[in-house]
Each structure stands twice: as C-alpha cells, then as structure tokens.
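A structural walkthrough
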Amino acid sequence: MKSMIDEMIFQNSIFMDSIKNGKEYDTIMQERDKIYEKLVKTLDNEQCKLLEELVNSHIHLEAESNDYNFVIGFKSAVKLIIECFET
C-alpha cells in the first residue's frame, strides 16, 4: 500500500508538473548533453549499449534517492510544524 505522501505528491501530476528547474540546472544539463554526445561519437555499438545501461542505472539511482529524500524532508517539515503549534 502506498503512503499518503506518495498518493498526495508522486501521483499528483499537476503538482509535479508545477515544479520547475532553475537556470543553473538547465545550464548543467546542456553541458552534460554536449559531453555525452561527444563521448558517444567515440564509441562502438557495444560500448554505446554499455554506456546507455550505465546512464539508465544512474537515472534510477537518482530517482530513488530523490524520492526517499523528499519523503524524509516532508516528514521533517510536518514534525516541525506540529512542534510549532504545540509550544
């Protein structure tokens, strides 16, 4: 069963679509894409497949980490709010 946080945040595409990346993120992503394209041009087909697997694995790791850290941050914020109302 999914937690209330999962239901409220991760299944709410309107909320997720409203989150925008900053300019710095976009700049770094463009630089990364250029480096990736340069690297791919130097690889044969087998090496390209391995690189793709590595990139996909990294994407999954980052997604898991982001989800976990978001939930921890959300729970911490709720605890802080509760504590503020208790005092």
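None of these values were measured; they are calculated from a predicted model. Residue positions are given per chain, counted from 1 along the sequence in the order it is written. Owing to the predicted nature of the model, reporting of local features is limited to residues with pLDDT of at least 70; listing and counting of side-chain atom pairs is limited to 80 or more, with chain, interface and lining totals taken over all residues. Where side-chain values are given, they derive from all heavy atoms of the structure, hydrogens and water being excluded.

The helix and strand labels rest on DSSP assignments: H or I over at least four residues marks a helix, E over at least two residues marks a strand, and numbering proceeds from the N terminus. Helix and strand counts for the protein chain stand at 4 helices and 0 strands. Reading the secondary structure of the protein chain in the N-to-C direction produces α-α-α-α. Scored against the burial criterion, the 87 residues of the protein chain give a buried share of 6%. Throughout, the Shrake-Rupley method with a 1.4 Å probe supplies accessible areas, and for residues the shown protein chains are the sole cover considered. Accessible surface, the protein chain as shown: approximately 8,000 Å² in total, 60% of it carbon and sulfur. Residue burial is assigned from relative accessible area. The probe radius is 1.4 Å, only protein chains are included, and a residue is buried under 20% of its type maximum, exposed over 50%, and partly exposed in between.

Below, the discussion takes up helix α4 (residues 45-86). The span you would expect from a helix comes to 1.5 Å times its residue count less one. An ideal rise of 1.5 Å per residue puts 62 Å on 42 residues; α4 measures up with 61 Å between its terminal C-alpha atoms. The complete set of buried residues in α4 reads C48, L51 and V71. Identification of polar contacts relies on pairs of N or O atoms within 3.5 Å, with a donor-acceptor requirement for protein atoms, meaning one able to donate a hydrogen and the other able to accept it, and with residues adjacent in sequence counted only if both atoms are side-chain atoms. N-capping of α4 is provided by D44, with a side-chain oxygen placed 3.1 Å from the backbone N of E46.

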